[in-house]
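Given next are the chains, with one letter for each unit.
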Amino acid sequence: MKLKTRIINAITLFVSKLMGGVAQDESNEEMDGVVTEGMPEIVREAANEGAVLLKNDNNLLPLKEKQVVSVFGRTQLDYFYTGYGSGGDVRKPYIVNILDGIRHSELELNEELASIYSNWCKKYEVDHGFWGHWPRSHPEMKLSEEVVSLAKSKSDVAVVVIGRSSGEDRENALIEGSYYLKKDERQMLEVVTSKFDKVVVLLNIGSIMDMSWIEEYKISSVLIVWQGGMESGNAIADLLSGKVCPSGRLSDTIAKSYKDYPSSNDFGAKKYNNYVEDIYVGYRYFETFKKDRVLYPFGYGMSYTTFEQNLIEVKKVKDKIYFKVKITNTGDKKGKQVCQVYLQKPQGNIGNPYRELVGYEKTRLLDPKDSEIIDISVDKYQMTSYDDSGLSGNKSCYILNAGDYIFSIGDNVKDAIDVYTYSQEKLEVYQKLSEVMAPKKPFRIITTANKDGKIVESYKMTPVVTTNLKQIILNNLPKEIPYSGDKGIKLIDVKEKRATIDEFIAQLNEDELEAISRGDYTMDSPLGARGNAGALGGTSESLRLKGVPAMITTDGPSGIRLFTSCSLIPIGTALACSFNKDLVYRLHKKVGAEMVDKGSDILLAPGINIHRNPLCGRNFEYYSEDPFLTGTIASSAVKGIQANGVSACPKHFACNNQEYKRTTNDSRCSERALREVYLKGFEICIKESNPLNIMTSYNKINGVWNHYNYELCDTVLRKEWGYENNVMTDWWMQYSSSPEFSNLKDHAYRVRSRVDVFMPGDKRMGKKKPDGTLLATYGQKDGITLGEMQTIARDVLTSILNSNKQL
């Protein structure tokens, strides 16, 4: 390795240790070759099923057996296997690039052209940057007509690879080399398409980029292969050769231009962003107001075969509607199809999007002429809308407006066909809740209006907060358990039902209650495997003597981040595009088994924030612009991980939709948009899979940091959703005093907000000891109470007891 690269890697490692652990390095020095049995196969399958075929003129793909392929673009070698930062920084055991994938396939590679690229890439090594300064793309080799003509003489098919990456603490940008094509990429496309009649473009990207250029060039096929993890090259070869038929579907809308996205003018601000699009995120906006501004709709994806979907039966039983759909492979190749169910709700007085995804299922692999019957159910809760304004006469309620509820079925949101109508005779209140997290000041948001019988885009002002949070908190302070002193009860006694959890908690003194409310001070805790993200639970000797184990956390979601090698799986967006819950479950069950083997108790994954805007640098970790798809895929991931007795930790709760100034930025959002869009994925995940841990986000929601957000972490998460396990902060936090209780600050403020554990336990350059803020007001008027600290302990201990951790 060159000296410059070694220096950069050393700097990156130092900065990364301050910001979040080990540093990413694509060199072979990080690969120890230890492979988890069965993992390559499932990673390859997931990378295959997440790929989305956007275009395939004249059925160029799949390529014929033994067809010679000329591959252009340096990403064929310098591939983006995942994104940068804590979410993708995994020491994988091996990686397969595109060239090696083709070499191991039934296709033939133009080795002469491959050698030209190999020599150039060795001469001009890529620079992986450092924390928050990751590359978004790599410089391309300038192509001469002579090189391309020579390649054309060896083969008649060109594969052009365009690569993009992004990372934590840095956004994508409206510049060439990020959201837009670079000049050297355009030059490559121009010269290749001038010589080759058969051109395939592979998009090795982590999130949506501008794709208006696709029709500018003579390109036959376009395949988004995302960032598929360590098996990327093999998966791509499978798809090119037809060994696997593409079955991925877009989890985001691809618009004609960035300005078409409704959040385009309200993203990237330093202090705050008004979520002006409100509930009209992604396809909900385009299908309602701007259908003509879409290049590729949500749910879209082509196949090498064709399918027919026929509705066999619809029946309503109590509060559920059941759809039975027969899907037949009408083509001549094996393939899988996704059946998608959408709902159009009546507008009522509060307005609704034109369509919302309410169900989906993927078939098994169908042979030509083979069929499968798919069952999809939709419950009444999915048909409701939340009224945060009172315009329906039912403020803070989920309601069913009177009118027609129209269900459609298809293979994308735009082309779905109406198949069933349920008529609601009168307005019905489904659930009465309480106002939470409403904006402090009104701002303008998008809504619908009826103009001459047509739904058009309009605006209204958000409702604002009307509650007294201080009184709500005081009315709900938990009762204390009288301190008993050490009675010799161990945590295993609680697990084996020889004692109650209250009897165990009664033994904990103030120092132990403080210790259980924070991590073991640092990342890479000596209590766990090297490279861990930190430890919680048994963070003091006295707690460990009582049988409370240290629970070891590791970063995710693209794998387990340790100093030892761990499998690198496809990015979140690719997994969501698979629309395959069973596959996501099986993949994460393997990840969970690897956690047990490597010494990780809690994987900080999945990431389930909404793709509000395509420029968010961390979109690759997250799933979709749609909350239902997000929640169901996340639930499958959590179930898979926790099938092994270890814990998942969904993040970042909530509205972490921007990396720029993420620790101070305020996400200003209506309560309705919070409940229907930004919290919905978390709600589905919590209710369906019961994760043993959840992580708050750095940002504020309507002026309140989420690690101090009582309404988020107590009212909604615990009282409404029934969550009983541990809530931890993201790593480090913003120190602040409580607006409601002037004598409470920092950790006392956090504990009162029902955020259980501060991670990793101290400031970045701290003294590895408590700062005193938790206990400073204990016993004072409106100060922290014993009951509150004991409640925190109960949450942490419940999480541990619900795992298979050895006690």
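Look a little higher up for the structure.
Asker: Talk me through the overall build of the protein; I want residue IDs and the actual numbers.
Answerer: If you tally the helices and strands in the protein, you get 21 helices and 30 strands. The dimensions of the protein, computed from C-alpha atoms along their principal axes, are 85 × 70 × 45 Å. Looking at the protein as a whole, 64% of its 807 residues are labelled buried. Counting only contacts in the protein whose residues sit at least 6 apart along the sequence, the fraction spanning at least 24 positions is 77%. For the protein, the computed accessible surface area is about 28,800 Å², with 49% contributed by carbon and sulfur atoms. Counting 104 positive and 106 negative side-chain charges, the protein places the centres of these two groups 2 Å from one another.

Asker: Let's hear about the nonpolar core: which residues, and what values?
Answerer: Generally speaking, soluble globular proteins have nonpolar side chains that are buried together. If you look at the biggest cluster of nonpolar residues, it comprises 154 residues, and the most contacted ones within it are L54, F72 and W213. Tallying contributions element by element places helix 16 (residues 627-642) first for this core, with 7 residues. If near-sequence neighbours (up to four positions away) are discounted, L54 is found in contact with M211, I214, V222, I224, L250, I254, Y296, Y300 and M302.

Asker: Describe the packing of helix 5 (residues 145-154) against helix 6 (residues 183-195), and please don't skip the residues or the numbers.
Answerer: Helix-helix packing is characterised by the crossing angle of the two axes and by the distance between the axes. Close contact between helix 5 and helix 6 brings their axes to 10 Å; oriented N to C, the two are set at 40°. Compared by their axis directions, helix 5 and helix 6 come out oblique. Remark: the crossing between helix 5 and helix 6 carries right-handed chirality. On helix 6, the residues that touch E145, V148, S149 and K152 of helix 5 are V191, V192 and K195. In terms of residue class, the contact of helix 5 with helix 6 is made up of 3 nonpolar, 1 polar and 3 charged.

Asker: Could you give me a rundown of the pattern of salt bridges, with the residues and numbers involved?
Answerer: Considering all chains together, one arrives at 64 salt bridges under this definition. Of the charged contacts, one joins R186 and E216 as a salt bridge, the two residues approaching to 3.0 Å between their closest N and O atoms. Of this pair, R186 sits in helix 6 while E216 sits in the loop between strand 5 (198-204) and strand 6 (221-224), and the two are 30 residues apart along the sequence. Look at R186 and you get partly exposed, because its relative accessible area is 25%. Note that K546 is salt-bridged to D486, the shortest N-O span being 3.9 Å. With K546 in the loop between helix 13 (541-545) and strand 23 (550-555) and D486 in the loop between helix 9 (469-475) and helix 10 (491-495), this pair connects stretches of sequence that are 60 residues apart. Accessibility expressed as a relative area gives 8% for K546, which makes it buried. If you follow the salt bridges from partner to partner, you end up with E168, D169, R618, E621, K651, E659 and R662 in one network.

Asker: Just give me the short version of the environment of I208, but keep the residues and values in it.
Answerer: Inspection of the secondary structure puts I208 in the loop between strand 5 and strand 6. Each C-alpha atom of the pair I208 and D278 lies 21 Å from the other, and the pair is 70 residues apart in sequence.

Asker: Provide a residue-level description of the environment of V96, including the pertinent values.
Answerer: If you trace the backbone, V96 turns up in the loop between strand 2 (68-72) and helix 3 (98-103). C-alpha separation for the pair V96 and L604, spaced 508 residues apart in sequence, amounts to 26 Å. V96 has contacts with Y81, G101, M230, E231, S232, G233 and N234, leaving out every residue within four places of it along the chain.

Asker: Can you tell me about the sheet that holds strand 5, naming the residues and giving the values?
Answerer: On the basis of which strands lie adjacent, the open sheet formed by 6 strands has the order 1-6-5-4-2-3 and mixed pairing. Each edge of the open sheet is held by one strand with a lone partner, namely strand 1 (52-56) and strand 3 (108-109). The sheet contact formed by strand 2 and strand 4 (residues 157-163) spans 4 bridges and is parallel. Looking across to strand 4, one finds that S70 is bridged to A158. Of the strands in this sheet, strand 2 and strand 3 are in contact with helix 4 (residues 111-123), which crosses strand 2 at around 20°.

The rules we used
- Residues numbered from 1 in each chain as written.
- Predicted model: local features only at pLDDT ≥ 70, side-chain atom pairs only at ≥ 80, totals over all residues.
- Heavy atoms only, no water.
- Helix = DSSP H or I, 4+ residues; strand = E, 2+ residues; numbered from the N terminus.
- Buried < 20%, exposed > 50% of the residue type's maximum accessible area, 1.4 Å probe, protein only.
- Contact = heavy atoms within 4.5 Å.
- Areas by Shrake-Rupley, 256 points an atom, 1.4 Å probe, with all protein chains shown as cover.
- Lys, Arg positive; Asp, Glu negative; His and termini not counted.
- Charge placed at Lys NZ, Arg CZ, Asp CG, Glu CD.
- Core = buried A, V, L, I, M, F, W, Y, C linked by side-chain atoms within 4.5 Å.
- Axes fitted to C-alpha atoms, helices over the stretch in contact; angles between N-to-C directions.
- Parallel < 35°, antiparallel > 145°, perpendicular 65-115°, else oblique.
- Left-handed = near helix turned anticlockwise from the far one by under 90°.
- Nonpolar A, V, L, I, M, F, W, Y, C, P; charged D, E, K, R; others polar.
- Salt bridge = Lys/Arg side-chain N within 4 Å of Asp/Glu carboxyl O.
- Pairing = 2+ DSSP bridges.

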